[in-house]
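Fold and contact review
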Amino acid sequence: MSAQTDIPGSVTAVYKVTGMSCGHCEGSVSGEISQLPGVSSVKAVASTGEVTVVSESPLDDEAVRAAVDEAGFELAGKA
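Quick caveat, the model's predicted, so the values are computed rather than measured.

Read from one edge of the open sheet, four strands run E2-E3-E1-E4, paired in antiparallel fashion. Each having just a single partner strand, strand E2 (39-45) and strand E4 (74-78) make up the two edges of the open sheet. Neighbouring strand axes in the sheet, compared pairwise and without regard to direction, differ in orientation by 25 degrees on average. Its contacts with the sheet place helix H1 (residues 23-34) against strand E1 (11-18), E2 and strand E3 (50-55), and it is angled at close to 160 degrees to E2. Running over the sheet, helix H2 (residues 61-71) touches E1 and E4 and is turned about 150 degrees from E4.

As structure tokens, this is what we get:
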């Protein structure tokens, strides 16, 4: 999935996630975050540790943290 910033009313946030090292890691993090209500797009990049999320409205940071934890990684905060 790719980040889309041209969706009217959408919000794009970039998070830093530690511990991702491969495509499987990216998929795990993306899969968990994409299940959050209102999320339309997630793109995780292991090489930078950045996860770009496009959603209908701002996401609760604790919900994002819980999703990242569920995937087995740690949310370091917003990039």
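Along its twelve residues, H1 runs 16 Å from first to last C-alpha, staying within 8% of the 16 Å computed at 1.5 Å per residue. Listing the buried residues of H1 in full gives Cys-25, Val-29, Ser-30 and Ile-33. The buried residues of H1 occupy an angular sector of 125 degrees when projected down its axis, which confines them to one face. Residues of H1 that are buried in the fold lie against E1, E2, E3 and H2.

What the rule picks out here adds up to two salt bridges. Residue Asp-61 is joined to Lys-78 by a salt bridge in which the shortest nitrogen-to-oxygen separation is 3.9 Å. Residue Asp-61 is found in helix H2, and its partner Lys-78 is found in strand E4; the two are separated by 17 residues along the sequence. On the basis of relative accessibility, which here comes to 33%, the residue Asp-61 falls in the partly exposed class. Take Lys-78: its relative accessible area is 53%, and that puts it in the exposed class. Of the charged contacts, one joins Glu-62 and Arg-65 as a salt bridge, the two residues approaching to 3.6 Å between their closest N and O atoms. Highlighted residues: Glu-62 and Arg-65, both in helix H2, separated by three residues, approximately one helical turn. Classification of Arg-65 by relative accessible area gives partly exposed; the value is 29%.

Okay, the nonpolar core next. Met-20, Ile-33 and Val-51 are the most contacted members of the largest nonpolar core, which has 21 residues in total. For this core, the secondary-structure elements that each account for two or more residues are E1, H1, E2, E3 and H2. With sequence-adjacent residues up to four places away left out, Met-20 is seen in contact with Cys-25, Glu-26, Val-29, Ala-44, Val-45, Ala-46, Gly-49, Glu-50, Val-51 and Phe-73.

Thresholds, definitions, all that
- Residue numbers restart at each chain and count upward from 1, following the sequence in its written direction.
- In keeping with the model being predicted, local features are shown solely for residues with a pLDDT of at least 70 and side-chain atom pairs are shown and tallied solely at 80 or more, while totals for entire chains, interfaces and linings include all residues.
- The basis for the side-chain values is all heavy atoms of the structure; hydrogens and waters are excluded.
- Pairing between two strands requires that DSSP report at least two bridges joining them.
- Helix numbers and strand numbers start at the N terminus; a helix is a DSSP run of H or I with at least 4 residues, a strand a run of E with at least 2.
- To obtain an axis, a line is fitted to C-alpha atoms, over the contacting stretch when the element is a helix, and the angle between two such axes runs from 0 to 180 degrees between their N-to-C directions.
- Whether two residues are in contact is decided by their heavy atoms: any pair within 4.5 Å suffices.
- Helix span, expected: 1.5 Å multiplied by one less than the number of residues in the helix.
- When accessible area is computed with a 1.4 Å probe and restricted to protein chains, residues below 20% of their type maximum are described as buried, those above 50% as exposed, and intermediate ones as partly exposed.
- Taking the helix axis as origin, the arc is that swept by the directions to the C-beta atoms.
- We define a salt bridge as a contact between a side-chain nitrogen of Lys or Arg and a carboxyl oxygen of Asp or Glu at a distance within 4 Å.
- Take the buried Ala, Val, Leu, Ile, Met, Phe, Trp, Tyr and Cys residues and link them wherever side-chain atoms come within 4.5 Å; each set so joined is a nonpolar core.

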